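# Remarks on the overall topology
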Amino acid sequence: AVVSTQSTGISVYALWIEHQVMTRSNYLALCDLHQYASCSRVLSSKYAKGFGIIGPVLGDESPLNQPNCLYGIVFFLFYLTLDSVAQRMIVVQLKFTLSASSLVMSLYLAYILAFILVDLCLVCLATYAVNIGLAVPAFENYFAAMNKQRKDSEKKD
């Protein structure tokens, strides 16, 4: 629950930075450290909305072409909600699937950050780190539950 809360806060901060960059000229975020270490530059790039995919495919005006950090806020709040639900198998499976998808998206966005934008975004790196922080226990719980199910079914036989 702590990691989900922290990641929601990081995503809210990223959304605030995006808003400031769009509305204030010469805005300098706390995470803008250098020409090649600029959250503002990354969060105002074409990859910061719709993961750089939705705009070209569905159009820039598509209601799905939202800031990535808005998707992050929804994702992390949903994950936080799952943390408060009894850990039934369906919840364990859902958290596993969500965590796996967040890791895939983190790898995709990290590739863009490093090789296309050639930048260092501390907010982005923090988001990747919390995705890993959510994935580790989700994967552990999933494999433990699958192992328990297997053992239970072997006892019945």
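Residues numbered from 1 in each chain as written. Predicted model: local features only at pLDDT ≥ 70, side-chain atom pairs only at ≥ 80, totals over all residues. Heavy atoms only, no water.

## Quick look at the overall build of the protein
A count of helices and strands for the protein gives 6 helices and 0 strands. Counting from the amino terminus, helix and strand elements in the protein follow one another as α-α-α-α-α-α. Principal axes of the C-alpha set define a box for the protein whose edges measure 70 × 30 × 30 Å. Out of the 157 residues in the protein, the part that is buried amounts to 39%. Considering only contacts in the protein between residues 6 or more positions apart, those separated by 24 or more positions represent 60%. (Helix = DSSP H or I, 4+ residues; strand = E, 2+ residues; numbered from the N terminus. Buried < 20%, exposed > 50% of the residue type's maximum accessible area, 1.4 Å probe, protein only. Contact = heavy atoms within 4.5 Å.)

## Digging into the state of the cysteines
For the structure shown, the criterion picks out 2 disulfides. Disulfide pairing is shown between Cys121 and Cys124; the S-S distance is 2.5 Å. The chirality of the disulfide connecting Cys121 with Cys124 is right-handed, given an S-S dihedral of about 70 degrees. With relative accessibility at 0%, the residue Cys121 sits in the buried group. (Disulfide = S-S within 2.5 Å.)

## Regarding the packing of aromatic side chains
On inspection of all chains with the given rule, the structure shows 10 aromatic pairs. Geometrically, the ring pair formed by Trp16 and Tyr27 is edge-to-face, given 5.9 Å between the ring centres and 85 degrees between the ring planes. Of this pair, Trp16 sits in helix α1 (residues 2–23) while Tyr27 is found in the loop between α1 and α2 (39–43), placing the two residues 11 residues apart along the sequence. Looking at Tyr27, the relative accessible area reads 14%, which means it is buried. Seen from their ring centres, Tyr142 and Phe143 are 5.2 Å apart, and the 75 degrees between their planes marks the pair as edge-to-face. With a relative accessible area of 15%, Tyr142 lands in the buried category. Through successive ring pairs, a cluster of aromatic residues spans Phe96, Phe139, Tyr142 and Phe143. (Phe/Tyr/Trp six-rings, centres within 6.5 Å; stacked < 30°, edge-to-face > 60°.)

## Section: the environment of Gln93
Following the sequence through the fold, Gln93 ends up in helix α5 (residues 89–116). The exposure class of Gln93 is partly exposed, given its relative accessible area of 31%. Gln93 sits 43 residues away from Gly50 along the chain, and the two C-alpha atoms are 26 Å apart.

## Let's talk about the environment of Leu30
Within the secondary structure, Leu30 sits in the loop between α1 and α2. Expressed as a C-alpha distance, the spacing of Leu30 and Leu70, which sit 40 residues apart in the sequence, is 20 Å.

## A word on the packing of helix α4 (residues 68–83) against helix α6 (residues 122–156)
Where α4 meets α6, the closest approach of the two axes is 13 Å, and the angle between their N-to-C directions is 25 degrees. The angle between α4 and α6 places the two elements in the roughly parallel class. Crossing handedness for the pair α4 and α6: left-handed. Counted together, Phe75, Phe76 and Tyr79 of α4 and Thr127, Val130, Asn131, Leu134 and Ala138 of α6 form the full contact between these two elements. (Axes fitted to C-alpha atoms, helices over the stretch in contact; angles between N-to-C directions. Parallel < 35°, antiparallel > 145°, perpendicular 65-115°, else oblique. Left-handed = near helix turned anticlockwise from the far one by under 90°.)

## Let's talk about α1
Its 22 residues place the ends of α1 32 Å apart at the C-alpha level, agreeing with the 32 Å of an ideal helix rising 1.5 Å per residue. Taken residue by residue, α1 has Ser4, Ser7, Thr8, Ser11, Ala14, Ile17, Glu18 and Gln20 as its buried positions. In this structure, the buried residues of α1 make contact with α2, α4 and α6. (Expected span 1.5 Å × (residues − 1).)

## Quick look at the environment of Ala135
As for its position among the elements, Ala135 is in helix α6. Sequence separation between Ala135 and Ser101 is 34 residues; the distance between their C-alpha atoms is 9.6 Å. Those residues in contact with Ala135 that sit more than four places away from it in its chain are Ser99 and Leu103.

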